[in-house]
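An overview of the molecular structure
Here is how the chains run, residue by residue.
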Amino acid sequence: MNILLLGHGARENVIAETIRKSSYAKLFSYMKSNNPGIAALSEKIEIGSYSDMDKVKDFAKKNNVDFAFIGPEDSLSFGVVDVLQSEGIDAIGPVKMLAKLETSKSFTRNLLQKHEIEGNPKFMVFGKENIDEIDDFLNIIEGIVVKPDGLTGGKGVKVQGDHFNTKEEAVAYCKEVLEKHESVVVEEKLDGEEFSLQCLTDGKTVLSFPAVQDHKRAYEDDKGPNTGGMGSYSCENLLLPFLKKEHVNEALKITKKVVDAIYSETGTYYKGIMYGGFILTKDGVKLIEYNARFGDPEAMNVLPLLKTELAGICQAIIVQDLGKLKIEFKKKATVCKYAVPEGYPDNPVKNEKIEIQSSNAKIYYASVDKKQDGLYMTGSRAVAFLGIGDNLEEAEKIAEEAVSKVKGKVFHRKDIGTKELIGKKVEHIKRIVD
Ligand SMILES: Nc1ncnc2c1ncn2[C@@H]1O[C@H](COP(=O)(O)OP(=O)(O)O)[C@@H](O)[C@H]1O
Ligand SMILES: [Mg+2]
């Protein structure tokens, strides 16, 4: 079986590793830069831009691929799934119209509202025509979050208290957003603990992966600027220390209703990953956003635990047979920690060499370039280290040992997955729920 894998990061590195566990699965990988982890797992690679649809199409056809697996959101937003479909090649990943679940925050909020699906905070969508009405809305919500209605690479959302303080600043930012985007979503700020529930769907059935918690802030104790994610953890009972089974079920119920709503709204089946960013609040589980692909780092926590063959799951998604499959996971804890360049995310050092030592952790390459004389960082998160253990303490030790041995101009968050930090999250939930 020939599979086209699109993407060049650590997320695609773990997807590649998991697909290759089936001996019949051969990978043909199209990436923006040469990821040595992916290259080592592939029959053939092609380096190119994700917006060059002809190049992707030619590579797929030349290698007779049976289906494609789309890693990154920008490819989905360019409509790569539609292009491949027109050549008779199915994909794991939604068509452009349905990728709006991620690319348009207003599409998702409005969909939930129209279909009376629980999980929305109070929100309103503003454009140039109704921005004058924003003051009334700001007066009825407790705290403010402003979200540009489009892909911003994780850099567009601004939260009151973190990025701005006053209503006037919120209005000014909304107006600034409207210079570049059609609309802006303004919503109530929720207090709670965030978690990621990544799901697979064939448009009819939804199956979920274990819950994961990511850490967006660059520095220890959740301080500093937002990043793509500095690391993440999951627990051996497949829940989280602050999250009960009933909360995961609430989140899954929301995702199932969204899958049904998408079909009833568009007549098209959503096939691929539906990754919900949720937050547990005093009023139960609320939805922060959906992504139309796996999380990075969260893919690293869950895919290595999968006991069911991923290549088989992909085939089931394509023929819409997911209802007949049961997916199973190893009951292990995981901790993932990223080594990132000094200065990341605002002023990262670039073209600096790093050296990785051998350890018990799994290694997934992200923004690195393999040259003749070694591995160089390209400015974003460099290498992810995953510890797997019988409990969090064991998993954290493995990840920490590996990431702290990297030589070069890098840093990482020592606190991810530690008892101390997780204890604070449990306390936070106790404080707001009681
Ligand atoms: N309604 C909300 N209340 C509180 N925090 C929020 C809310 N919406 C978003 N955030 C915070 O902002 C971050 C980014 O928002 P998100 O919707 O995930 O956008 P993106 O990932 O596209 O940047 C979230 O992870 C969360 O920490
Ligand atoms: Mg997000």
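Scroll up to find the structure.
None of the values given here were measured: they were computed from a predicted structure.

Basis of the calculations
- Residues numbered from 1 in each chain as written.
- Chains lettered and ligands numbered in written order.
- Predicted model: local features only at pLDDT ≥ 70, side-chain atom pairs only at ≥ 80, totals over all residues.
- Heavy atoms only, no water.
- Helix = DSSP H or I, 4+ residues; strand = E, 2+ residues; numbered from the N terminus.
- Rg over C-alpha atoms; globule rule 2.2 N^0.38 Å.
- Buried < 20%, exposed > 50% of the residue type's maximum accessible area, 1.4 Å probe, protein only.
- Areas by Shrake-Rupley, 256 points an atom, 1.4 Å probe, with all protein chains shown as cover.
- Lys, Arg positive; Asp, Glu negative; His and termini not counted.
- Charge placed at Lys NZ, Arg CZ, Asp CG, Glu CD.
- Phe/Tyr/Trp six-rings, centres within 6.5 Å; stacked < 30°, edge-to-face > 60°.
- Patch = residues over 30% accessible without salt bridge, like charges linked within 9 Å, V, L, I, M, F, W, Y side chains within 5 Å.
- Salt bridge = Lys/Arg side-chain N within 4 Å of Asp/Glu carboxyl O.
- Pairing = 2+ DSSP bridges.
- Axes fitted to C-alpha atoms, helices over the stretch in contact; angles between N-to-C directions.
- Contact = heavy atoms within 4.5 Å.

**Description of the overall build of the chain**
For the chain, the count of helices and strands is 14 helices and 24 strands. Whereas a compact globule of 434 residues would reach a radius of gyration of roughly 22 Å, the chain reaches 21 Å, a difference of no more than 12%. The dimensions of the chain, computed from C-alpha atoms along their principal axes, are 60 × 50 × 40 Å. A total of 434 residues make up the chain; the buried ones form 57% of that total. Working note: accessible area of the chain is about 18300 Å², and carbon and sulfur atoms make up 45% of it. A distance of 4 Å separates the average location of the 61 positive side-chain charges in the chain from that of its 67 negative side-chain charges.

**Thoughts on the packing of aromatic side chains**
Counted according to the given criterion, the structure contains ten aromatic pairs. With a centroid separation of 5.7 Å and an interplanar angle of 25°, the aromatic rings of F195 and F278 are classed as stacked. With F195 in strand β10 (residues 193-201) and F278 in strand β16 (residues 272-281), this residue pair connects regions lying 83 residues apart in the sequence. A residue is classified by how much of its surface remains accessible, and F195, at 2% relative accessible area, is buried.

**Quick look at a positive patch on the surface**
Taken together, the side chains of K21, K307, K326, K330 and K331 define a basic patch exposed on the protein surface. Within the secondary structure, K330 is located in the loop between α12 (310-318) and β18 (333-341).

**Considerations on the sheet that holds strand β3 (residues 44-47)**
Pairing is parallel across the open sheet formed by five strands, whose spatial order is β3-β2-β1-β4-β5. Among the strands making up the open sheet, the edge pair consists of β3 and β5 (90-92). The mean angle between the axes of side-by-side strands here comes to 20°, regardless of whether they run parallel or antiparallel. Across five bridges, strand β1 (residues 2-6) lies against strand β2 (residues 26-31) in parallel orientation. Considered in β2, the bridge of N2 is made with K26. Of the strands in this sheet, β4 (67-70) and β5 are in contact with α12, which crosses β4 at around 105°.

Nothing here speaks to function; it is all geometry.
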